[in-house]
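# Structural features, examined
These are the residues of each chain, in order.
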Amino acid sequence: MSRKFRIWQKKRGRRRTGSPTAATFGEAAIYAGMLMAAVAALGAVIADRVLAPADARLPLMGFWVATVVIGLLAGIGATGLISRLWLMRTSAERRGALAQKAAGIDLLADQLPSTRDFPSIPRDEHLINSPGTNLKYRLPRSSTLPWEFLAVGVLTLSWCAVLGVGIVTATHTSLVGNWRWPLIMMMFPMSGIAFWLTYRFLATLRRVTRVGPTNVEVSNQPFVPGVDYDIHLSQAGRILLRSLKVTLVCDEEAIFREGTDVRSESRRVFEERLLEMKSLEITDDRPFSMKCGLSLPGNAMHSFRSASNAIHWRVVVEGLPRYGDRFERAFSVLVHPTRVNNGRS
Amino acid sequence: MEPLISIQLFDHLPAYRPGDVLKCDYQIDAVAEGEIQAVEASVLWYTEGKGDEDIGVHFFERRMPADVEEGDLRPLKSFSTPLPNSPLTYVGQILTVHWCVRVRAFLRQGRESFMDYPFRLGDQLNGVNNESDAAIG
């Protein structure tokens, strides 16, 4: 617990300058205040209904609206207060054990043995439900391109619409002799931005249409450290590439709260080049296709996911076209611990 | 005065392997007989690093005076539990996964005291980067 009260607090690793107990107490006090205010207000509204003369009362509709709103506030206050009191009276281990027990009564749990056999390792159903044509499994792609394409498209269209309205307004007012110089001058930088956005949109569109689908297949899943696997890459499209690289990466990801903000940070802790090709020409009738080997280090950490932390393994395909921007496509893979034990915990 | 909590693990060096049975003894001393209201023993993992702390409880046992003869929670108590396949102990760059046995004593007037006994799960140092290995030593 901190010795001095501070408005701004710091966190480094497990150490915090603030006191979690004081924070929980503060939250409980806020909820208690909310509950007391709601009860007092509810009492006043009911007293008004019962005791006030008929012509000075709230209308019936207003009475019910006020009762419902105040009742909701009282509910939020009571729920928050009870949960904070529960937090203060129980240890983190007991709460964790109760949460674990609640998760254990999931009706689907029996059909998902991997979660029970390997706690905190993500479920692997979606990674092994797609058979490959060259190797056993085709990996699902964790795509970013459609979102980028959609975002650039929506932004470009919105900006051009605003620019269009501005140009029409400026032209119309100018034709009737009312020159709005600030508006006219503003159209020039806005037009420049519109040209740049349109260029970005067309570049993204060209990338979407010229770079065809990327397929990555693996000889087995989940991966186990120290074991060799095969990977098959197939890249379709109509494009000239300076280089095409396939890399196996491992990222640590962390989510943390700073005040009311939720932030995330990622750190690449492992990177191994599996394949690198130079000067490729990919055509519709001749997609690029190649097989390579993959071997995880014997001391590699398995995949991991908890509420605020994760370890992700991915196969990343990165292409650098002769004309245009580079593209990157990532495919999640699952890594299990070396020692496989089917005894359930 | 803080109670003295003693924890002893068996066969935990250099590390437990997944599926191994963890055997533990614990005892609470330096406290008056009726002072302890409850004792919780747990085997758990927790994360440390840049992200918020996560905790996973693998084994949990809570004892009250009514659960034991003569209502005394201080004497030596043993428990054992098979360890899971994951998560293994890990020391990375912005994330560390620790395993420990934690004994927490709840005393009169709302006072608490606890002790952690760390151990390693996994028969190797699970860090794929050289920095992590160096950090573990």
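Definitions and cut-offs
- Residues numbered from 1 in each chain as written.
- Chains lettered and ligands numbered in written order.
- Predicted model: local features only at pLDDT ≥ 70, side-chain atom pairs only at ≥ 80, totals over all residues.
- Heavy atoms only, no water.
- Helix = DSSP H or I, 4+ residues; strand = E, 2+ residues; numbered from the N terminus.
- Buried < 20%, exposed > 50% of the residue type's maximum accessible area, 1.4 Å probe, protein only.
- Areas by Shrake-Rupley, 256 points an atom, 1.4 Å probe, with all protein chains shown as cover.
- Pairing = 2+ DSSP bridges.
- Core = buried A, V, L, I, M, F, W, Y, C linked by side-chain atoms within 4.5 Å.
- Phe/Tyr/Trp six-rings, centres within 6.5 Å; stacked < 30°, edge-to-face > 60°.
- Lys NZ or Arg CZ within 6 Å of the ring centre and 35° of its normal.
- Contact = heavy atoms within 4.5 Å.
- Buried area = accessible area lost by both parts, 1.4 Å probe.
- Salt bridge = Lys/Arg side-chain N within 4 Å of Asp/Glu carboxyl O.
- Polar contact = N/O pair within 3.5 Å; in protein donor to acceptor, adjacent residues only side chain to side chain.
- Axes fitted to C-alpha atoms, helices over the stretch in contact; angles between N-to-C directions.
- Patch = residues over 30% accessible without salt bridge, like charges linked within 9 Å, V, L, I, M, F, W, Y side chains within 5 Å.
- pLDDT = per-residue confidence, 0-100.

## Description of the overall build of chain A
Counting its secondary structure elements, chain A contains 7 helices and 12 strands. Put simply, chain A has 345 residues, and 36% of those count as buried. As displayed, chain A offers around 20800 Å² of accessible surface, 62% of which is attributable to carbon and sulfur atoms.

## Quick word on the pairing of strand β8 (residues 112–119) of chain B
Along any regular strand, the residues point their side chains to alternate faces of the sheet. Residues and elements named next belong to chain B. The sheet contact formed by strand β7 (residues 95–107) and β8 spans 8 bridges and is antiparallel. Pairing of Phe 106 across the sheet is with Glu 112, part of β8. Connecting β7 to the next strand, β8, in antiparallel fashion are 4 residues, including Gln 109 with a positive phi near 60 degrees.

## A few points about the nonpolar core
In terms of nonpolar packing, the biggest core is built from 66 residues, with Trp 313 of chain A together with Leu 22 of chain B touching the most fellow members. When residues of this core are assigned to their parent elements, the largest contribution, 7 residues, is made by β7 of chain B. Of all hydrophobic cores here, the second largest spans 7 residues; its members include Leu 183, Met 187, Met 190 and Ala 194 of chain A.

## Quick word on the packing of aromatic side chains
Taken as a whole, this structure holds 9 aromatic pairs over all chains when the rule is applied. Judged by centre distance (5.6 Å) and plane angle (15 degrees), the rings of Trp 179 of chain A and Trp 181 of chain A are stacked. Within the aromatic cluster, the residues linked to one another by ring pairs are Tyr 16, Trp 99 and Phe 119 of chain B. Of note, Arg 49 of chain A hangs over the ring of Phe 63 of chain A, and the distance from its end group to the ring centre comes to 5.5 Å. A cation over a ring is seen here: Arg 62 of chain B above Phe 106 of chain B, with NZ or CZ 5.3 Å from the ring centre.

## What to know about the interface of chain B and chain A
Across the boundary between the two partners, chain B contributes 43 residues, which contact 46 residues of chain A. Buried area between chain B and chain A, summed over both chains or domains, comes out near 3800 Å², and the portion from carbon and sulfur atoms is 54%. Linking chain B with chain A are 2 salt bridges. Viewed at the interface, chain A and chain B are joined by 15 residue pairs in polar contact (both at pLDDT 80 or more). Put simply, the parts of the chain that give the side of chain B that touches chain A at least two residues each are β3 (36–49), β4 (55–63) and β7 of chain B. Tallying contributions element by element places β3 of chain B first for the side of chain B that touches chain A, with 8 residues.

## With respect to the sheet that holds strand β9 (residues 288–295) of chain A
Residues and elements named next belong to chain A. Reading across from one edge, β3-β5-β6-β9 is the order of the 4 strands in this open sheet, with antiparallel pairing throughout. Of all the strands in the sheet, just β3 (137–138) and β9 have a single pairing partner and so form its edges. Contacting β5 (211–218) and β6 (228–237), helix α7 (residues 181–210) runs over the sheet at an angle of about 50 degrees to β5.

## Regarding a nonpolar patch on the surface
Together, Met 61, Val 65, Val 69 and Leu 73 of chain A make up a nonpolar patch on the protein surface, roughly 380 Å² of accessible area in all. Take Leu 73 of chain A: it is sitting in helix α2 (residues 60–89).

## Some words on the confidence of the model for chain A
Residues and elements named next belong to chain A. Put simply, chain A has an average pLDDT of 82, and 86% of its residues get 70 or more. The low-confidence segment residues 107–113 (pLDDT under 50) makes 6 contacts with residues lying over four places distant or belonging to another chain. Per-residue pLDDT stays below 50 along residues 340–345; that stretch engages in 13 contacts with residues further than four places along the chain or on separate chains.

## Describing the environment of His 302 of chain A
By the secondary structure assignment, His 302 of chain A is in the loop between β9 and β10 (304–305). Residues His 302 of chain A and Leu 98 of chain A, 204 residues apart in the sequence, show an inter-C-alpha distance of 26 Å.

## What to know about the pattern of salt bridges
Throughout the structure, instances matching the rule amount to 19 salt bridges over all chains. In this structure, Arg 263 of chain A engages Asp 261 of chain A in a salt bridge whose closest nitrogen and oxygen atoms are separated by 3.5 Å. Among the residues examined, Arg 263 of chain A registers a relative accessible area of 38% and is labelled partly exposed. Note on Asp 261 of chain A: relative accessible area 38%, which makes it partly exposed. Lys 77 of chain B is the salt-bridge partner of Glu 61 of chain B, the closest N and O atoms lying 3.9 Å from each other. Of this pair, Glu 61 of chain B sits in strand β4 while Lys 77 of chain B sits in strand β5 (residues 77–82), and the two are 16 residues apart along the sequence. A cluster of three or more residues bridged by salt bridges with shared partners is formed by Asp 251, Glu 253, Arg 268 and Arg 314 of chain A.

## A few points about the environment of Gly 110 of chain B
Here Gly 110 of chain B shows up in the loop between β7 and β8. You can call Gly 110 of chain B exposed: its relative accessible area is 70%.

## Details of the sheet that holds β5 of chain B
All names here are of chain B. Pairing is antiparallel across the open sheet formed by 3 strands, whose spatial order is β1-β2-β5. What marks the edges here is a single partner per strand, and that holds for β1 (4–10) and β5. Across this sheet, the average inter-strand angle for adjacent strands is 20 degrees, counted without regard to direction. For strand β2 (residues 21–29) and β5, the ladder comprises 6 bridges, and the chain directions are antiparallel. The partner of Tyr 26 across the bridge, within β5, is Lys 77.

## Looking at the environment of Val 50 of chain A
Residue and element names in this part refer to chain A. Along the chain, the position of Val 50 falls in helix α1 (residues 20–51). Judged by its relative accessible area of 58%, Val 50 falls in the exposed class. Separated by 43 residues in sequence, Val 50 and Glu 93 place their C-alpha atoms 50 Å apart.

## A few points about the side chain of Ser 303 of chain A
Residues and elements named next belong to chain A. As for its placement among the helices and strands, Ser 303 is situated in the loop between β9 and β10. For Ser 303, a relative accessible area of 2% puts it in the buried group. Not counting residues within four places of it along the chain, the set of residues in contact with Ser 303 comprises Ser 120, Ile 121, Pro 122, Ile 311, Trp 313, Val 333, Leu 334 and Val 335.

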